[in-house]
Amino acid sequence: MSIEQNKALARRIVEAFNKKDASTLADLFGPDFVGHTVGKDLTFEEFQKNMIALVHAFPDYAMTIEDLIAEDDKFVARWTLTGTHKGEFMGIPASGKRIDVSAITIRRVAGGKCVEGWDIRDNLKMMQQLGAVPSGPPK
Amino acid sequence: MSTEQNKAGQRRVWEEAFNRGNLAVIDEYFAPEYVFRSPLGMEAKGPESFKQMVTMMRTALPDLHVTIDDMLADGDKVMTRFTFAGTFKGEMMGIAPTGRKINVAGMLISRWADGKEVQAWESLDTLAFYQQLGIKPPGS
């Protein structure tokens, strides 16, 4: 796979995610995919469950790629996620509030599919936007 | 400048400025128009304000160590995946130290022009950062 093909894969994933096209998404990830998220390694099934939870909580979500870079067998996407909180999310009941958070994702590609990933999202900002973390200066 | 030269510059910024406190490296590698907005709410405009940010972190966490876990470059950009570790022993943003150790994952994308870093975007596990420090997160 060339760097341009890996970048095209990144765009296809975001497009499938925004269209809620689970079968295309499943096809773009290898069966042995491992996702390294904050403090935990996830299998593709667990990763999928997280995506479904996100879709349920923010039915109008949209993922936008702000920057896309690639080298060797990896691509890096800097992206934003927007949406309206209409379903329970991480124990927080629907609030109707809008989220607008940024994240960076790295994917390692083999055989045209994502086989390993690293994700960091600004979880604090997301929780604050949902009204779940006390904001204001620390005492 | 090549992607390899940009990577080498970025590596020196992490190792010299963050890990050794050698702030002269910031004069060497940062453009006057450098801009960075940290997910922790701080903003750096120019090399001097970035030096203040590094000094603040190294005062709060005197044993601060950034480990480079991965690095890749493409065009004028360099991405670093890193682990930010240290012990909260000095005052930070008016907050008394808790003595807690932190170990937080982050990613930084920097943009380079003529061998100088001009802009950066960071994603950090901000929730874990404050939880591990043992303090209440400030407003963003």
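Anyway, here's the lowdown on the structure attached to this text. (Residues numbered from 1 in each chain as written. Chains lettered and ligands numbered in written order. Predicted model: local features only at pLDDT ≥ 70, side-chain atom pairs only at ≥ 80, totals over all residues. Heavy atoms only, no water.)

Overview of the overall build of chain A
Secondary structure summary: chain A contains four helices and six strands in total. Reading the secondary structure of chain A in the N-to-C direction produces α-α-β-β-α-β-β-β-β-α. Along the three orthogonal principal directions, the C-alpha set of chain A runs to about 50 × 30 × 25 Å. Classification of the 139 residues of chain A by burial places 47% in the buried group. Relative to all contacts within chain A whose residues are 6 or more apart in sequence, the contacts with residues 24 or more apart total 56%. Accessible area for chain A stands at about 6,700 Å²; split by element, carbon and sulfur atoms hold 54% of it. Considering chain A, the positive charge centre built from 18 side chains and the negative charge centre built from 19 side chains are found 6 Å apart. (Helix = DSSP H or I, 4+ residues; strand = E, 2+ residues; numbered from the N terminus. Buried < 20%, exposed > 50% of the residue type's maximum accessible area, 1.4 Å probe, protein only. Contact = heavy atoms within 4.5 Å. Areas by Shrake-Rupley, 256 points an atom, 1.4 Å probe, with all protein chains shown as cover. Lys, Arg positive; Asp, Glu negative; His and termini not counted. Charge placed at Lys NZ, Arg CZ, Asp CG, Glu CD.)

Digging into the pattern of salt bridges
When their charged atoms lie close together, side chains carrying opposite charge are able to pair. Taken as a whole and assessed by the stated rule, the structure comprises 16 salt bridges over all chains. A salt bridge links Asp67 of chain A to Lys77 of chain B, with the shortest nitrogen-to-oxygen separation between them at 3.0 Å. With one member in each of two chains, Asp67 of chain A in strand E3 (residues 62–71) and Lys77 of chain B in strand E4 (residues 77–87) form a pair that bridges those chains. Judged by its relative accessible area of 14%, Lys77 of chain B is buried. (Salt bridge = Lys/Arg side-chain N within 4 Å of Asp/Glu carboxyl O.)

Some details on the packing of aromatic side chains
Per the counting criterion, the structure on display carries 18 aromatic pairs over all chains. Chaining the aromatic ring pairs together yields one cluster made of Trp14, Phe18, Phe30, Tyr34, Phe36, Phe50 and Phe82 of chain B. (Phe/Tyr/Trp six-rings, centres within 6.5 Å; stacked < 30°, edge-to-face > 60°.)

Focus: the environment of Glu116 of chain A
Residue and element names in this part refer to chain A. By the element assignment, Glu116 lies in strand E6 (residues 113–121). Sequence separation between Glu116 and Ser102 is 14 residues; the distance between their C-alpha atoms is 20 Å. Here His36 takes part through its side chain, which lies 2.8 Å from a polar atom of the side chain of Glu116. (Polar contact = N/O pair within 3.5 Å; in protein donor to acceptor, adjacent residues only side chain to side chain.)

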